Every structure is written in C-alpha cells, then in structure tokens.
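Observations on chain architecture
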Amino acid sequence: MADIFSSIISVGFHGLALAMVLYLISVGLSVTMGLMGFINLAHGAFAMLGGYLMTWLMSRYDVPFGLALAGAVIGVVLISVILERLLYRRFYGGDELDQVLMTMGLIFITIASVTYIWGPVTQPMRPPAALSGQIDLGFRSFPTYRTFLIVCGAILVTLLWLALERTRFGAQVRAAVDNLRMAQTIGINTSRLFAATFALGSGLAALGGGLGAEILPITTFYALENLVYFLIVVAVGGLGSIRGPFVAALLVGISDTAFKYIAPEFGAFFIYALTMVLLLWFPRGLFGRT
Amino acid sequence: MSHLTPSADRRAADIAAFSRRHRFHWFEALPWLIAVAAYFMFPNYLALGSQILAIILFALSVDLVLGYAGIVTLGHAAFFGVGAYTAGILAANGWGEPISGLLAAAVAAACIGLASGWIILRTTGLTLLMQTLVVAAMLYELANKAYRFTGGADGLQGMSVWPIFGTFRFDMFGNTAYFYCLVVLFFGWLVVRNTVNSSFGRSLTGIRENVGRMHAIGAPVAQRRLVVYALSAALAGIAGALTAQTAQFVGLNVLNLERSGTILVMLIIGGIGRLYGAFIGVPLYMIAQDRFAEADPTYWYFWIGLAMVFIVVFLRGGIFGVVERLLARSRKQ
Amino acid sequence: MSATGLQTIALCKNFGALKVSNNIDFRLQAGARHALIGPNGAGKTTFVNLVTGVLRPSSGQLLLDGDDITALPQAQRVKRGLVRTFQITALFRKLCVLENVVLAISERDGIGGDFLRPAGWHRAAIEEAYDILEVMGLAEDALRPITELAYGRQRMVEIALALALKPSVLLLDEPAAGVPESESVTIIEAIERLPERIAVLFIEHDMELVFRVAQRITVLVQGAVLVEGTPAEIAADPRVREVYLGEGRH
Ligand SMILES: Nc1ncnc2c1ncn2[C@@H]1O[C@H](COP(=O)(O)OP(=O)(O)OP(=O)(O)O)[C@@H](O)[C@H]1O
Ligand SMILES: [Mg+2]
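Throughout what follows, the structure given in this document is the object of discussion. Predicted, not measured: the structure shown is a model, and the values here were computed from it. Think of each chain on its own: its residues are numbered from 1, step by step along the sequence as written. Here the convention is simple: chains get letters from A, ligands get numbers from 1, in the order in which they are written. Under the rules for a predicted model, residues below a pLDDT of 70 receive no local features and side-chain atom pairs below 80 are neither given nor counted, while totals for whole chains, interfaces and linings still include all residues. Side-chain numbers here rest on the full set of heavy atoms in the structure, without hydrogens or water.

1. Some points on helix α5 (residues 144-166) of chain A
When the terminal C-alpha atoms of α5 of chain A are compared, their 32 Å separation across 23 residues agrees well with the 33 Å that a helix rising 1.5 Å per residue should span. Where α5 of chain A is concerned, the buried positions are Thr144, Tyr145, Arg146, Thr147, Leu149, Ile150, Cys152, Gly153, Val157, Leu160 and Leu164 of chain A. Only DSSP runs of H or I with at least four residues qualify as helices, and only runs of E with at least two residues qualify as strands; both kinds are numbered from the N terminus onward. Expected helix span is computed as 1.5 Å times (number of residues minus one). For each residue, the accessible area found with a 1.4 Å probe, counting protein chains only, is set against the maximum for its type, and the residue is called buried under 20%, exposed over 50%, and partly exposed in between.

As structure tokens, this is what we get:
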C-alpha cells in the first residue's frame, strides 16, 4: 500500500516537472496559432536552441547557470525576431501548407546547424551544485533540480498570467486573440503586437528548453522528436488559449509519466491514444472557443 | 449590353473543350518512356529504380489528399507502413503471393485510413496535423512493441515472395522488381488520374479552393474528404507493400516521421496538386539523396531545409509550377 | 404549420461578449423581395451565416417552410432550397467560370460523388451550366479562370452559382459590393430578373437599389431589428433616418 502511494507521489512529482517544461515551451505556440493563424512547427527548435546555448555557455565558458539561461533566452529572442521579420510574417493567416513546409525546413536547417556546431552528441546538463542532489521536504526527499524546476515553472506561469491580466500589452494580446478585426479597428498595431508576441513565445520556449534540458535532453533531433508533445499540448488545450495549454500540459505530463511508469515498453502509445480520445470528445480542445 | 452572347458555334466549341479536358496528352507518355529507357541505360541502379517507382506511388497518394483535397498531413507514413507490414508479414508467414499481398495491404491501409480519418477529419489546421502525426506514431509504437510479428527494431526478416503469376521470379539483379513496380505504379497512376478527373475529384479541388463555398453549394464535404483519405491510404499501402516485397525486408522506418516529412519535400519540389509533381520530385530527391546523403547526412538536412524554405518563399508550385508559369508567359508574348 | 418561406424566432448569436445577433424575429415570405439594411457591423452577414448554418446560433430557432432547421448542417439546408451568395466573393478562383457553375449543378444533382466517370461525361450538367452563363451574360468568359475576370463579372458568377442550385430562398449578401457604378447596373438587372417563385432577401447599402427592388425592408442596428416595413414606411421612419440614412451612404 505504502508502495503504491509512494509511486503515485513520485509519478505526480515528475509529471508536474514535465508539465512545467511542456507548458513553458508550448504556450507560445498556442498564442502564435490563435493570434496569427500560424502553424509554427519550428517552435520546438527555439526551445532546442535555448538548451544548446545554455549548455554551451555553461560547459564552454563556465558561465553560471542563471546567467547562461538568461543569455540563451536573449539569444533565441534575437534570432526569433529576425526570423519573424524576414520569414514568418509573410505567411500570417496564409496557406497552411506553406507554413508547415517552411517551418519544417527551418527544423531541418536547425538540426543540421546544431549538429555542425555542437556535434551529434547529447549536450550535458549539469545543474549547479546548489541544485543537484536530493532535497528533503519533510515526508520524503525529492531530486532538488526538479523541485526547483516545478517552483520556477509555477512562478513563471504566475508571472505570465499576471502580465497578461494586468499590463497594456497583455490586454492587447487578449483583445486580439478574442477578435482580431475588432482589435485592429480600435487601433492596436497588430504588426508590432505580432512581433512582440512571437518574441515572447520564443523566449519562453528557450526558457523551457534550457530549464528542462534535464528532462528533455538536448539532442540534435529534439525539435522533431518532441514536436508531437508540443502540438498535443496546444491542440488539447485549445488553440489561442493561454490557460488551456496549462491544463493540457498537466494532463500530458502526468499521464505520460504514469503510462511510462506502468508500461514503459509501450513508449508514448497510451498518451497518443488518450489524445485521440480527448479530441474525439473535444475537437476544439478542452478550452477551445466554439 | 456590353457582353454579347456568343454564337452557337462558340458554345459548342467551349463545351467540347471543357468536356475533353480529361483526355490523354502526348506528354503523359513521357514518364513511362523514360522509365523504360532508364531500365536499359542504368542496369546497375535497378534497386534504386524500383524504390523510386514505389515512392512515386506513395507521393501520388499524398498528392491526392494534400494537393487535391487540401488535407495537410504529416503522418502518411502510417498507411505506407501498414501496407508494408501487411505484405511483409504475409510473405514471412507462408503467403508470398505478391498480387494478393498488394491487395491485402491496400485493404488494411484503407481500413486504418477510414478509422483514423473518421476522427481526424473532424478537426482542422494544427489539430488535424497533430493527429496525423499521432496516428503514425501510435502505429510506430505498436510495430515496435509487436516484435513477434514485426521483428520490432530489428526489422521483419525471412520474407519469401513468390514469383509473379507463378512465373516471374524476383531475381537478384532486380529486373523483375523494376517492372513489377513500374506496372503497379502505372495502374495506381491510372486510378489517381481517373479520380482527379471525375466529378468527385473536381469536387475535391473545389474543397481545396474554397471549402466555405463547397458547403454553400451543398456538398457533403466531410464525407468526400473521408472517402479520398481512405482511397489515398489504400494507395499508400500498396506503395509500402511494393517496397516491402521488392526489398524483402520491412524496418520500423516505414512508419517514421522522416518518411512522412520527406515525402512532402519530394512533392513540393515537383509541384503539388499537379499529378506530375511526384514524377519529377521523387526521382530528383532520391537520386540526390543516394549520391549526397550517405556521405554527409548533416549537410543533406541543411540543404533540404534550405530548399524547402526557398521553394515556399520563391518557387511556389515547385518545378512544375515554374515551368507552367514560363509557358504561360511565352504564350502571352 | 403550413407557413412557407423562412422564419427566425428569437435568434441570438454572441461572439464572446459581443451580441452580434440580438433576438431577431424575422419572416421572409415565399416569393418576397425583401431588403435587409443597416450600418456596417450591424450583424447582417452574421444573420445570413446563422440562417445558412455557417454559424450555430447561441439560442433561437430557424424555420424553413414550417420545419425546424436549426440543427441541420449547411448541405442539408441547401438541399431544401436555402441558398446564399457571399459579400466577399467566394469562388473557386483557379477554376474556370463554367466549372464553377458545373460544380454547383453536380452537387444539386447528386453527381458530385461520382468517382468513376470523368466530369466531362456529365454533358447535361455542362449544358445546363452554359445555359445559366448565357442568361447571366457570362458565356464569353466560360473557359476563363475566375482570377482573370473583372470584379463586377465575378459578382455575377456569385449569383450564377446560387441560381444553379435552383433555390426557393435566396440570400444575397451585398451583391453589388465593391462594383463600380457602370457595372452594378447589370447586377441589379440580374436581381430584377430573378424568377418570381424565389424568395429573395438581399443585403444592400445602396438605397436607390433597395427602394427600386424591395417590397419590404428590415433595418438591423447593433444586432437587433430596429424596424420592418414597406419602403414607404421605412423612408418615413424618423429612427431610420437618424441611425442609417443620416449617416450618409456607404
Ligand atoms: N467570426 C467572428 N468573430 C468575432 N466577431 C465577429 C465575427 N464575425 C463578425 N464579427 C463581428 O460581428 C459584428 C457584425 O459583423 P457582420 O459581418 O455581421 O456585420 P455586417 O452587418 O455584415 O457589416 P458590413 O455592412 O460591414 O458587411 C462586427 O462587429 C464584427 O466585427
Ligand atoms: Mg456584411
């Protein structure tokens, strides 16, 4: 009995950590989709790039963890803004197939580039000493880094939501997601708004990729292998929603951890099956608008 | 009125031209002539040749859903793989008759297509795309797990494919395999060609061009899309079965994302929704891959990625699209 | 019920907090020429979308010839003779004019699902489509793709597609929108020539056209029906003058 209980705690804990990473990475994808009508398959590449930049700064130049993470986020935001202005914006609200092909192409380019620069091996993720080892939470001990991850994720999510509720930018994003035409008529500069949202989403992805490097290891095929997960979180959450993906990330993170704990040999099969069933009931996702 | 009603002659001419559009043109014979010529010119590359022919069929099946019905899929490997495993498992378990193997593959793939399409096609955009991915990934996990039947990660071994019609043995030089693939591709092409020229096919084009209007003229859009999805799945299944039978081996890679993704690349290189894009894009891609990819897969990915972005930004419609535009321009002058 | 024509009962539609249709009770008699007018953003197009099933109403009911069609999908409504055109031209742009109409006729006659015979073998459908083009004065462009047509001609194709479906109720959403004056005459004439038995609801900003064609007029303001009446009544109504005519023409 105690065994089962402890397993449940453990699955919940690791599931929560995974959920945080998935949410941080996917929320930007959901907003780009809802706001600009753009299917950005390469979104995961921003997360991957975040992970690469961070681990590289840490291992090559001994930059401390926090600073390396910040550097990675800034780097990815810059790259994403350039790409947005040069490529993405041409395709907003345009042909789905073009978006899919263009972003698939970007994934391939990213894969090749990181292999060229950093080699084909998985990047080592060594959390700082303070965050490694185990932490005793009274009733039992947990891996320190993942505990940190969960706390960190929770803080970031709260900040993000507060920002969207309280700031002018947040109000504009919500208005535009709700009704783009209306937002334009009341004088919101949508082009700037799109760029800012895109940068924010990519930055969050980089943050998720860096923080989560220990759960989703930084390898060359990261953007392709985890693509399904990011897409599931967005689709199950409901396109354009900001809280929906959070619920979906929790669902995916925890159930995926549970399934892999119970029947590891089936890999991700059950999470896929669950997704299909969920979408059968809610074709627009859990929090999708009708 | 400024617009006069044309004469009865003009009417007859217009209607005749319109109703003859599906007739064969001389240039449609070209791919087949080239395929036969290639057999004599490159006898050492017949294995690659058969693979190309089978993949052209796969690309045709994708073109049907993507280019004609406008369903963006990243999971068509699901059907290719189901077909490959169906034919492969049959041949490894004592039923090596190739033609019935193809048919079994088609039926199995069509069933999966119907079942998954029924769920998937209710959604649109990102959700639909994700589900196509998920279906393929599920089958991948299943095939991986069911190693007793599929050989799992080691691949399916011990296939024994019988001679075609009990006469034409699959020889080690790949002569039989080449013509087998060519003939099957030919029939597959006839089916696809006939479908896209039928009223059904034209209504698919209508769905791609403007779904809203198709609804507004009373078309059962969902049903049409499901039918074409299943038909396309069947063809993809046959393509997979062809690959399995000629290679006498099935690996897990028949089901992976790379296969679903690269087939799109091949198709856009040639041109989507044109029926002939597959005949240009697939050989180009596969020959280039054969020459360059082995040497350096990293560069290969880079150039493919760059090509995709380039085509989408500058070369809309692929090679065929560019040729068409050039022809149109020269005609105007 | 034996009532013919189209009726809506307490029809409502919200987009988020926005009430785009607010309790619309509306009646379109068989064979009527009825205009729906109102300022930009009043919810006229949304009303058409609700009636034709593009959008689901938040609440309320739709009756066609006395039958409840609120839950019917779009295609079924079309089969019952409820047909529309689009304010923003929605044609099969890469296909030729003739084929646009042929597609509509194929769906009407149930041959759109035939995947064995080439489309060109359905000669009757093609002949009929050509007839329609001739009536609409579009025959000389029969084989040209929509993209090559002047906008006014495209608007004519819009109507041709709807007519090909043999509607009993026809909803025209700003049929002459964006068409220069010189060409709009043909469109107006085409509307005037529509067969008597078709009940026509048309949305229009051009008051001249409205008063020339309509027997009844409904004024929609901010999602709700402000007033309904004969052209004379509407012209005399002070509220209408204030909210609509006072604003000047669009
Ligand atoms: N899909 C939608 N989502 C959110 N808001 C919408 C949607 N469609 C329409 N609206 C809003 O509903 C209101 C009514 O729009 P509608 O198109 O019905 O007006 P209209 O009377 O046809 O105007 P116009 O004369 O400009 O055509 C507008 O404020 C519009 O912004
Ligand atoms: Mg309107």
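2. Some remarks on the nonpolar core
Only buried residues count toward a nonpolar core, which is a set of Ala, Val, Leu, Ile, Met, Phe, Trp, Tyr and Cys residues joined through side-chain atoms within 4.5 Å. Among the nonpolar cores identified, the biggest contains 280 residues, and Leu41, Tyr88 and Tyr272 of chain A together with Leu98 of chain C are the most heavily contacted of them. Note on contacts: a residue pair qualifies if any of its non-hydrogen atoms lie within 4.5 Å across the two residues. Setting aside chain neighbours within four positions, we find tyrosine 272 of chain A in contact with Val228, Tyr229 and Ile232 of chain A together with Val134, Ala137, Met138 and Glu141 of chain B. Ile24, Leu28, Ala199 and Ile203 of chain C belong to the second-largest nonpolar core, a separate cluster that totals 22 residues.

3. As for the sheet that holds strand β6 (residues 82-84) of chain C
All names here are of chain C. By definition, two strands form a pair when at least two bridges between them are found by DSSP. Strands sit in the order β6-β7-β8-β3-β9-β10 across an open sheet of six strands; the sheet is mixed. Of all strands in the sheet, those bounded by a partner on one side alone are β6 and β10 (224-229). Ignoring which end each strand starts from, the neighbouring axes of this sheet average 20 degrees apart. Taken together, the five bridges between strand β9 (residues 216-221) and β10 define a ladder with antiparallel strand orientation. From the neighbouring strand, valine 219 faces β10, where its bridge partner is valine 227. Relative to the sheet, helix α1 (residues 44-52) contacts β3 (33-37), β6, β7 (169-173), β8 (199-203) and β9, its axis offset from that of β6 by approximately 145 degrees. Lines are fitted to the C-alpha atoms to define the axes, a helix being fitted only along its stretch in contact, and any angle between axes, read from their N-to-C directions, falls within 0 to 180 degrees.

4. A look at the packing of helix α10 (residues 227-237) of chain A against helix α6 (residues 125-145) of chain B
For the pair α10 of chain A and α6 of chain B, interaxial distance at closest approach is 9 Å and the crossing angle is 135 degrees. As summarised for this structure, α10 of chain A and α6 of chain B are arranged oblique, according to the angle between their axes. Where α10 of chain A crosses over α6 of chain B, the two elements pack in a sense that is left-handed. For the pair α10 of chain A and α6 of chain B, the contacting residues are Leu227, Val228, Leu231, Ile232, Val234 and Ala235 of chain A in the first and Leu126, Thr127, Met130, Leu133 and Val134 of chain B in the second. Considered class by class, the residues forming the contact of α10 of chain A with α6 of chain B number ten nonpolar, one polar and no charged. Comment on the angle field: the value is read as roughly parallel under 35 degrees, roughly antiparallel over 145, roughly perpendicular from 65 to 115, and oblique elsewhere. Working rule for handedness: look at the near helix, and if it is turned counterclockwise from the far one by less than a right angle, call the crossing left-handed; if clockwise, right-handed. When residue character is reported, Ala, Val, Leu, Ile, Met, Phe, Trp, Tyr, Cys and Pro are called nonpolar, Asp, Glu, Lys and Arg charged, and the others, Gly included, polar.

5. Details of the site of ligand 1
Within the structure, ligand 1 sits among 15 residues, and Gly41, Lys44, Thr45, Thr46 and Gln87 of chain C are positioned closest to it. Two or more chains meet at ligand 1, and those chains are chains A and C. Polar contacts here mean pairs of N or O atoms no more than 3.5 Å apart (in protein, one a potential hydrogen donor and the other a potential acceptor; neighbouring residues in sequence count only if both atoms are side-chain atoms). Here glycine 43 of chain C contributes a backbone N or O atom positioned 2.9 Å from an oxygen atom of ligand 1. Taking histidine 205 of chain C, its side chain carries an N or O atom lying 3.1 Å from an oxygen atom of ligand 1. Residue assignment for the shell around ligand 1 shows that the elements contributing at least two residues are β2 (18-28) and α1 of chain C. Ranked by residues supplied to the shell around ligand 1, first place goes to α1 of chain C with three residues. Across the shell around ligand 1, the residue classes tally to four nonpolar, eight polar and three charged. Near, as used in this document, describes a residue that has one of its heavy atoms within 4 Å of the molecule or strand being considered.

6. Thoughts on the pattern of salt bridges
Here the idea is simple: oppositely charged side chains can pair when their charged atoms come close. For this document, the term salt bridge refers to a Lys or Arg side-chain nitrogen within 4 Å of an Asp or Glu carboxyl oxygen. Taken as a whole and judged by the stated rule, the model has 28 salt bridges over all chains. The partner of glutamate 165 of chain A in a salt bridge is arginine 243 of chain A, with the nearest N and O atoms 3.1 Å apart. Residue glutamate 165 of chain A is found in helix α5, and its partner arginine 243 of chain A is found in the loop between α10 and α11 (244-262); the two are separated by 78 residues along the sequence. Relative accessible area serves as the criterion here: at 40%, glutamate 165 of chain A is assigned to the partly exposed category. We classify arginine 243 of chain A as partly exposed; its relative accessible area is 41%. The salt bridge partner of glutamate 228 of chain C is arginine 216 of chain C, with a shortest N-O separation of 2.9 Å.

So yeah, pure geometry; function would need other evidence.
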